[in-house]
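Architecture at a glance
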Amino acid sequence: MTRSNDGFDEIRDFYDRKYYAVIGNDTRLPWHCRSVARRFGPFEGRAVLDVACGTGEWLSYFREHGARAVAGIDLSERAIDACRRRLPEGEFHCGTAETLPFATAAFDIVTCMGSLEHFLDKPAALLEMRRVLKPGGLIVLLVPNAGFLTRRLGLYGGTQQKAVKEDVLSLDQWQQLFAAAGLRVEARWRDLHPLSRSWIIRGSPLAWPVRMLQALALAVWPVRWQYQVYHRCSVSRS
């Protein structure tokens, strides 16, 4: 199910050789992710797919909280190997989000956390996510925001993954993209991952006070100024 020779090989190589060069042993989903996950539970008896699942932290949480079945797909073979070790009962594929190897209407919940901005064909990926979603199911997407105040002030230039591809859109542009795929945004939530010791004490100690202030500011800034924003979506009735 993996495309080749059309731009994916370079991206796959980046994730296998650099992004997932070292895979840690921490299996617990961070507190800020658990807080968000509670907003779109419960998971009991549901089938959940995580697109660009990485090493499976989200899927482990869903399984621990009652998901009947978990599945994931990622471009990185190293990440998928980690998922298979962590969740041997899950269904995992190494491949692209633009061509999902799953049956139509197979999942109650489909998630894509902090990855859509790196896809080569976002509309195709969104249509695939919609295709595999059961009627009445929900899709949760975490995407970066071009209106992030720190970015607009020129103090932030993107993640490590911009080395291969990273498209940062405004919240309005993301919503238009979702709508074109037949998805309706029901709710938006802040991503509060900077409210952690590991984020604040990153880099030079001289920068820690500034990073702490930014982390605290993100907790109160309006959604339009946030770094990343979660979107809970359903299939549009129209």
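Please refer to the structure placed before this passage.
Residues numbered from 1 in each chain as written. Predicted model: local features only at pLDDT ≥ 70, side-chain atom pairs only at ≥ 80, totals over all residues. Heavy atoms only, no water.

**Here we look at the overall build of the protein**
Formally: Helix and strand assignments follow DSSP, with helices taken as H or I runs no shorter than four residues and strands as E runs no shorter than two, numbered in order from the N terminus. The globule rule is 2.2 Å times the number of residues to the power 0.38, and the radius of gyration it is compared with is taken over C-alpha atoms. Contact criterion: two residues are considered in contact whenever any of their non-hydrogen atoms come within 4.5 Å of each other. Calculation of accessible area relied on Shrake-Rupley with a 1.4 Å probe; when residues are assessed, cover is drawn exclusively from the protein chains displayed. By the counting rule applied here, Lys and Arg register as positive and Asp and Glu as negative, while His and the ends of each chain are not counted. By convention, charge coordinates are those of NZ in Lys, CZ in Arg, CG in Asp, or CD in Glu.
The helix and strand tally for the protein stands at nine helices and seven strands. Since a compact globule built from 238 residues should have a radius of gyration of about 18 Å, the 17 Å found for the protein is in line with a globular shape. Reported as C-alpha extents along the three principal axes, the dimensions of the protein are approximately 50 × 40 × 40 Å. A sequence separation of at least 24 residues applies to 70% of the contacts in the protein between residues at least 6 apart. For the protein, the exposed surface amounts to about 11,600 Å²; the carbon and sulfur share of it is 52%. Each charge class in the protein can be summarised by its mean position, and for the 32 positive and 25 negative side chains these summaries are 7 Å apart.

**What to know about the sheet that holds strand S2 (residues 69-74)**
To keep it simple, the criterion reads: At least two bridges found by DSSP between two strands are what make those strands a pair. Fitted lines through C-alpha atoms serve as axes, helices being fitted only where they are in contact, and the angles separating the N-to-C directions of these axes extend from 0 to 180 degrees.
If you walk across this open sheet you meet the seven strands as S3-S2-S1-S4-S5-S7-S6, and the pairing is mixed. Looking at strand neighbours, the two that pair on one side only are strand S3 (91-94) and strand S6 (183-190), the edges of this open sheet. Each strand axis lies, on average, 15° off the axis of its neighbour in the sheet, ignoring direction. The sheet contact formed by S2 and S3 spans four bridges and is parallel. Bridging from a neighbouring strand, Gly72 pairs with Phe92 of S3.

**Considering the nonpolar core**
Quick note on the threshold: For this analysis, a nonpolar core means a set of buried residues of the types Ala, Val, Leu, Ile, Met, Phe, Trp, Tyr and Cys, connected via side-chain atoms within 4.5 Å. For the exposure calls, accessible area comes from a 1.4 Å probe over protein chains only, and a residue counts as buried if that area is under 20% of its type's maximum, exposed if over 50%, partly exposed in between.
With 28 residues, the main nonpolar core has Leu49, Val51, Val110, Leu116, Phe119, Met129 and Phe178 as its most contacted residues. The set of elements that each furnish at least two residues to this core consists of strand S1 (47-51), S2, strand S4 (107-113), helix H5 (122-132), strand S5 (133-144) and helix H7 (171-180). Apart from the residues lying within four places of it in its own chain, the contact partners of Leu49 are Ala71, Gly72, Leu100, Phe102, Phe107, Ile109, Val110, Thr111 and Val132. Trp58, Leu59, Val70 and Ile109 belong to the second-largest nonpolar core, a separate cluster that totals 26 residues.

**A short note on the pattern of salt bridges**
Where charged atoms from two side chains of opposite charge approach closely, those side chains can pair. Note the following rule: By definition here, a salt bridge exists when the distance from a side-chain nitrogen of Lys or Arg to a carboxyl oxygen of Asp or Glu is within 4 Å.
Per the counting criterion, the structure on display carries 12 salt bridges. Among the ionic pairs, Arg12 bridges to Asp9, the shortest N-O distance being 2.7 Å. Of this pair, Arg12 and Asp9 are both found in helix H1 (residues 8-19), three residues apart, which corresponds to roughly one turn of the helix. What makes Asp9 partly exposed here is its relative accessible area of 31%. Arg131 is the partner of Glu128 in a salt bridge, and the nearest nitrogen-oxygen pair spans 2.7 Å. With Glu128 and Arg131 both in helix H5 and three residues apart, the pair spans about one turn of that helix. Linked by salt bridges that have partners in common, Glu77, Asp81 and Arg84 make up one network.

**Observations regarding helix H9 (residues 208-218)**
Let me state the cut-off plainly: The arc in question is formed by the directions pointing from the helix axis toward the C-beta atoms.
All of the buried residues along H9 are Arg211, Gln214, Ala215, Ala217 and Leu218. Seen along its axis, H9 keeps its buried residues to an arc of 160°; they face one direction. Turned more than 90 degrees away from the buried face of H9 sit Pro209 and Leu213, all of them exposed. Among the structural elements, helix H6 (149-152), S6 and helix H8 (197-200) are those in contact with the buried residues of H9.

**Quick notes on the environment of Arg34**
Tracing the sequence through the fold places Arg34 in helix H2 (residues 31-37). The buried category is assigned to Arg34, whose relative accessible area is 18%. C-alpha separation for the pair Arg34 and Phe62, spaced 28 residues apart in sequence, amounts to 9.8 Å. Apart from residues no more than four positions distant in its own chain, Arg34 is found in contact with Arg28, Leu29 and Tyr61.

**A closer look at unusual backbone geometry**
Geometrically, the link from Gly41 to Pro42 is a cis peptide bond, its omega value of 0° lying close to zero. Turning to its location among the elements, Pro42 is positioned in the loop between H2 and S1. Positive phi, normally seen in glycine, also occurs at Ala52, with a value near 60°. You can see Ala52 is positioned in the loop between S1 and helix H3 (57-64). The backbone phi angle of Ala105 is positive, close to 55°, even though this residue is not glycine. Along the polypeptide, Ala105 turns up in the loop between S3 and S4.

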